[in-house]
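# Coordinate analysis (summary)
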Amino acid sequence: AGKAKGHGGISVFTPAMHEVVAQRVRVASELRAAFSNGEIEVFYQPIVGLADGTLAGAEALVRWRHPVRGLQPPAAFLDIAEDAGLMVELGRCVLTQVVQAAGDWARDPGLPEHFSLHVNISPAELAHGDLTAHIRRLLDEAGLPGPRLTVEITESAIISGGPDTRLTLRSLGELGVPIEIDDFGTGYSSISYLRTLPAVRAKIDKSLVDTLASDPTQVAFVDAIVRLIHAAGLTVVAEGIEGEAQARLLRELGCEYGQGYLFARPMPASELGLLLRSLQEGGHGAAR
Ligand code: C2E
Ligand code: MG
Ligand code: MG
Ligand code: MG
């Protein structure tokens, strides 16, 4: 243990700080165990076509069903996983579950045309050389074509990533797996990279959608962003849509896809399976 106030007058390491560190170490080791004992779950949040409400896909969002603390959102453990070097393993765990579920749904009840499952990929996974080989193997095993999976990568991960990241993105593109820039508008806001990447979609961050219905200047701002993305030849997804007014404005601005509590919250795999079944029986793709 360090000294709280040494004679040099510098606060080094208090008992409270020690407790925080110890807690993070405990959580990291619990997390390591969670990978193999089935506590890591994937929830799915529908993505819809804004023009007609059809189900275009779903985003896979990791959850940790902790035996004591209950269902944990990513904010409760992702940065600990990062610090402990567990992001590659966590990503593998999520990808395996998602592709298996997609394979099952493709056989029964069947997936809507162009339906794609979106998976968030961390910088650590991108830098790890064999991501593409791993995804190829999973898709082969499940008998799925590349476009059934979409990888979501933040603009900061793209910009801060080195040549390896670029190579991985290119090889994923060649595999037919669409690449989507996540949290667009929150990062470095460097836009020159937009045209040089094999990305096909950009997802406008919730923070830009939040004030859309209450602040007229925000409409002009998002309008410009949508035009920019379109000019680069990409389609637009908006996340965090909670109200009808936001959905209508985004539709008017030409935003193609939307995701948010207005349409559906993240749900367990079993619930998305039921939704897919009801669409199959209904004979059309309307998600609501
Ligand atoms: P993200 O990729 O931007 O995902 C969208 C987040 O916004 C999700 O939070 C989702 O539940 C939430 N959200 C969607 N619509 C609404 C809405 O209308 N209102 C509100 N208030 N929230 C909405 P979640 O599931 O807590 O995930 C947070 C972040 O954790 C994700 O942000 C993503 O960056 C990261 N994450 C989640 N799953 C994974 C994963 O499997 N791997 C990696 N590397 N990161 C993940
Ligand atoms: Mg995402
Ligand atoms: Mg996002
Ligand atoms: Mg976001």
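As a starting point, this report considers the structure included with it. Just so you know, these numbers come straight off a predicted model, no measurement behind them. (Residues numbered from 1 in each chain as written. Chains lettered and ligands numbered in written order. Predicted model: local features only at pLDDT ≥ 70, side-chain atom pairs only at ≥ 80, totals over all residues. Heavy atoms only, no water.)

A few words on the overall build of the chain. Helix and strand content of the chain: eleven helices and ten strands. Here the C-alpha radius of gyration of the chain, 21 Å, is about what a compact globule of 288 residues would show, namely 19 Å. The principal-axis extents of the C-alpha atoms in the chain amount to approximately 70 × 45 × 35 Å. Residues classed as buried in the chain amount to 45% of the 288 residues present. (Helix = DSSP H or I, 4+ residues; strand = E, 2+ residues; numbered from the N terminus. Rg over C-alpha atoms; globule rule 2.2 N^0.38 Å. Buried < 20%, exposed > 50% of the residue type's maximum accessible area, 1.4 Å probe, protein only.)

Below, the discussion takes up the coordination of the magnesium ion (ligand 3). Bound to the magnesium ion (ligand 3) are the protein donor atoms Asp182 (OD), Asp183 (OD) and Glu239 (OE), situated 2.1 to 2.6 Å from the metal. Between consecutive donor residues of the magnesium ion (ligand 3), the sequence gaps follow D-D-x55-E. Metal-to-metal, the separation of the magnesium ion (ligand 3) and the magnesium ion (ligand 2) is 3.5 Å; Asp182 coordinates the two. (Donors = N, O, S within 2.8 Å, 3.2 Å for Na, K, Ca; no water.)

The geometry of helix H3 (residues 87–107) relative to helix H5 (residues 131–142) is characterised by a closest axis approach of 9 Å and an angle of 25° between their N-to-C directions. On the basis of the axis angle, H3 is roughly parallel to H5. When you trace H3 past H5, the crossing you get is right-handed. In this structure, H3 contributes Arg92, Leu95, Thr96, Val99, Gly103 and Arg107 to the contact, and H5 contributes Leu131, His134, Ile135, Leu138, Leu139 and Ala142. (Axes fitted to C-alpha atoms, helices over the stretch in contact; angles between N-to-C directions. Parallel < 35°, antiparallel > 145°, perpendicular 65-115°, else oblique. Left-handed = near helix turned anticlockwise from the far one by under 90°. Contact = heavy atoms within 4.5 Å.)

Distances from the magnesium ion (ligand 4) to its protein donors, namely Asp183 (OD), Asp205 (OD) and Glu239 (OE), fall within the range 2.1 to 2.5 Å. The metal-metal distance between the magnesium ion (ligand 4) and the magnesium ion (ligand 3) is 3.1 Å, with Asp183 coordinating both. With Asp183 in strand E6 (residues 179–184) and Glu239 in the loop between strand E8 (235–238) and helix H10 (244–252), this pair connects stretches of sequence that are 56 residues apart. Owing to a relative accessible area of 23%, Asp183 belongs among the partly exposed residues under this scheme.

Further remarks concern the packing of aromatic side chains. Throughout the structure, instances matching the rule amount to two aromatic pairs. An angle of 75° between the planes, with centres 5.4 Å apart, marks the rings of Tyr44 and Trp105 as edge-to-face. Remark: Trp105 occurs in helix H3 and Tyr44 occurs in strand E1 (residues 40–49); sequence separation between them is 61 residues. In terms of burial, Tyr44 and Trp105 fall into one category: buried. Pairing Trp64 with Phe77 gives two aromatic rings, centres 5.6 Å apart and planes at 85°, and the pair type is edge-to-face. Taken as a pair, Trp64 in strand E2 (residues 55–66) and Phe77 in the loop between strand E3 (70–72) and helix H2 (78–83) lie far apart in primary sequence, 13 residues in all. We note that Trp64, like Phe77, is buried. (Phe/Tyr/Trp six-rings, centres within 6.5 Å; stacked < 30°, edge-to-face > 60°.)

Looking now at the pairing of E6. Among the six residues of E6, five are classified as buried, and the element is accordingly described as predominantly covered. Inspection of the sheet shows strand E5 (residues 149–154) paired to E6 by four bridges, in the parallel sense. Within E6, the position partnered with Thr154 by the bridge is Asp182. Sheet topology places E6 next to strand E7 (residues 201–204); three bridges connect them, and they run parallel. Following the sheet pairing, Phe184 is matched in E7 by Ile204. (Pairing = 2+ DSSP bridges.)

So, about the side chain of Glu180. With respect to the secondary-structure elements, Glu180 resides in strand E6. Sequence-distant contacts of Glu180, that is, excluding residues within four places in its chain, are made with His118, Thr150, Val151, Glu152, Ile153, Arg201, Ala202, Lys203 and Val237.

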